[in-house]
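Commentary on secondary and tertiary structure
The primary structure of each chain is shown beneath.
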Amino acid sequence: MKVSDILRVKGSTLFTVEPDDSLAKAVEVMSERDIGSLVVMEHGDLVGMLTFREVIQTIVANDNAVGSKTVRGAMDKAPLTCTPETELDEVRRMMLERHARYLPVLNQRMLMGVISFYDVAKAVVDSQNFENKMLKAYIRDWPEDHEEQPT
């Protein structure tokens, strides 16, 4: 399974901010949309990722207030990324190693979407459920009078 398979099911709705937007505005968008991340874009290029982790760290460092901080001051300036062709096993490894909950998906420099740890876990569970159903159907349809052939 590849990242493109997740994006096909998930869709391509993206929420972005610019680095000079206020952090307060970004937090408001995250709250209104019930999302845990925003892709930070500048002049059509990915320049960072803002997640609730960076927001919380910035608030704590700023005496428990958002204040007049900008997205640029809080964002991860070097987010982990993947491509639509990246295998799901590789994505899981990458996310676990870097404790990343969100990965922007880039095709060349074009942003194709964002996948979350939840999306990856759901894809794995859905795949396992499908395999289980196929195995149960195979066993159910196995002829009763079938004898195993000696090897």
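Cut-offs applied
Residues numbered from 1 in each chain as written. Predicted model: local features only at pLDDT ≥ 70, side-chain atom pairs only at ≥ 80, totals over all residues. Heavy atoms only, no water. Helix = DSSP H or I, 4+ residues; strand = E, 2+ residues; numbered from the N terminus. Buried < 20%, exposed > 50% of the residue type's maximum accessible area, 1.4 Å probe, protein only. Contact = heavy atoms within 4.5 Å. Polar contact = N/O pair within 3.5 Å; in protein donor to acceptor, adjacent residues only side chain to side chain. Pairing = 2+ DSSP bridges. Axes fitted to C-alpha atoms, helices over the stretch in contact; angles between N-to-C directions. Parallel < 35°, antiparallel > 145°, perpendicular 65-115°, else oblique. Left-handed = near helix turned anticlockwise from the far one by under 90°. Core = buried A, V, L, I, M, F, W, Y, C linked by side-chain atoms within 4.5 Å. Arc of directions from axis to C-beta.

1. Describing the environment of S37
Along the chain, S37 falls in strand β2 (residues 37-42). Classification of S37 as buried rests on a relative accessible area of 10%. In this structure, the C-alpha to C-alpha distance between S37 and V114, residues 77 residues apart in sequence, is 8.9 Å. If we skip the residues at most four places from it in the chain, S37 touches M30, M49, L50, T51, Y102 and V114.

2. Considerations on the side chain of D21
With respect to the helices and strands, the residue D21 is situated in the loop between β1 (16-17) and α2 (23-33). Within the structure, the side chain of D21 is placed 3.0 Å from the backbone nitrogen of E18, a separation counted as a polar contact. Setting aside its immediate chain neighbours within four residues, D21 contacts T70 and V71.

3. Digging into the sheet that holds strand β3 (residues 45-51)
With mixed pairing, the three strands of this open sheet are ordered in space as β1-β2-β3. At either end of the open sheet lies a strand with only one pairing partner, and these are β1 and β3. Note that β1 and β2 share two bridges and pair parallel. Of the residues in β2, the one forming a bridge with T16 is V39.

4. Re the packing of α2 against helix α3 (residues 52-61)
For any two helices packed against each other, the geometry comes down to the angle between their axes and how far apart the axes lie. Contact geometry of α2 with α3 gives a least axis separation of 11 Å together with a crossing angle of 135°. The pairing of α2 with α3 is recorded here as oblique in orientation. The hand of the α2/α3 crossing is left-handed. Of the residues in α3, those in contact with L23, V27 and M30 of α2 are F52, V55 and T58.

5. Digging into unusual backbone geometry
You will see that D63, though not glycine, has its phi angle at about 55°, which is positive. Of note, the phi angle at Q108 is positive, near 60°, even though the residue is not glycine. Tracing the chain through its elements places Q108 in the loop between β4 (102-107) and β5 (110-116).

6. Thoughts on the nonpolar core
Core analysis: the largest hydrophobic core is formed by 16 residues, its most contacted members being V3, C82, V91, L103, I115 and V120. Listed by contribution, the elements that provide at least two residues to this core are α1 (3-10), α5 (88-98), β4 and α6 (117-140). Tallying contributions element by element places α5 first for this core, with four residues. Residues in contact with C82, not counting those within four places in the same chain, are V3, V91, M94, L103, P104, V105, L106 and I115.

7. Comments concerning the environment of L38
With respect to the helices, strands and loops of the structure, L38 is situated in strand β2. Sequence-wise, L38 and Y102 are 64 residues apart; in three dimensions their C-alpha atoms are separated by 9.4 Å. Ignoring anything within four residues of it in the chain, the contact list for L38 reads F15, T16, V17, A26, V29, M30, M49 and L50.

8. Quick word on α2
Note: α-helices contain 3.6 residues per turn, so residues at a spacing of three or four share the same orientation. Within the span of α2, buried status applies to L23, A26 and M30. Seen along its axis, α2 keeps its buried residues to an arc of 60°; they face one direction. α2 presents S31 and E32 as exposed residues on the side facing more than 90 degrees away from its buried surface. In this structure, the buried residues of α2 make contact with β1, β2, β3, α3 and α4 (71-74). Note on α2: the residue one or two positions beyond its end, D34, has a positive phi of about 55°.

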